[in-house]
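Overview (structure and organization)
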Amino acid sequence: MEFILDSYKLRRPGINDAEGFIEICSEKETMKYYGTEGSQIKTINEAIEQINWCNSLFDNNSGRWIITEIEKDEYIGDIGFHNFQQNHNKAEIGFRIKQSYQRKGIMTKCIKELVRYGFQTLNYNRIEAQVDSRNEGSKKVLSNNNFKCEGLLREYEYENDDYIDINIYSILRKEFVV
């Protein structure tokens, strides 16, 4: 399943995306609030493990897509669903994009398209996001897509020798506007 969004595309990950995963993980500012899972990719083998994980999600009513410019078809970011819970028809969305592509509206479009797909095709009732409470950019892009902040999970994760707070955001199928 591919999605075309103006001059950008979402597509399944392939082996050619390995360098892109390594590059984004080396961007300190981009990864500052990302968390530890999938953020320490430094070798081709680690990148291939990440690509395999992304593709394995498609077997469980989820998936992780690569964001590319249509003309170049090179990794600039990734976005997708994970932690699908069938008995509750809900999943978590996660995303990241290289710093040079941030604040251009790309992620807003990608989230909107995947939320539509999640509700209309995957039959989700709820899509949620866990966001480092310091990550103003992610909170803004979620709010721009009609996600609601439900609250704060205090000292919810331990990263870089410190406990961090997490904001929980969600959107429900009945709140989604095409």
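Residues numbered from 1 in each chain as written. Predicted model: local features only at pLDDT ≥ 70, side-chain atom pairs only at ≥ 80, totals over all residues. Heavy atoms only, no water.

1. Re the pattern of salt bridges
Under the criterion given, the structure shown has 13 salt bridges. Taking the shortest distance from any N to any O, the salt bridge between Lys9 and Asp73 comes out at 3.4 Å. Of this pair, Lys9 sits in strand S2 (residues 8-11) while Asp73 sits in the loop between strand S3 (63-69) and strand S4 (75-85), and the two are 64 residues apart along the sequence. A salt bridge links Asp17 to Arg11, with the shortest nitrogen-to-oxygen separation between them at 2.8 Å. On the basis of relative accessible area, Arg11 is assigned to the buried category, the value being 10%. Through salt bridges with shared partners, a single ionic network connects Lys9, Arg11, Asp17 and Asp73. (Salt bridge = Lys/Arg side-chain N within 4 Å of Asp/Glu carboxyl O. Helix = DSSP H or I, 4+ residues; strand = E, 2+ residues; numbered from the N terminus. Buried < 20%, exposed > 50% of the residue type's maximum accessible area, 1.4 Å probe, protein only.)

2. Some thoughts on the nonpolar core
Counting residues in each nonpolar core, the largest one holds 35 residues, and the members touching the most others are Ile79, Phe81 and Ile111. Here the element with the most residues in this core is helix H4 (residues 106-120); it accounts for 8 residues. Not counting chain neighbours up to four residues away, the residues in contact with Ile111 comprise Ile79, Ile93, Phe95, Val141, Leu142, Asn145 and Phe147. (Core = buried A, V, L, I, M, F, W, Y, C linked by side-chain atoms within 4.5 Å. Contact = heavy atoms within 4.5 Å.)

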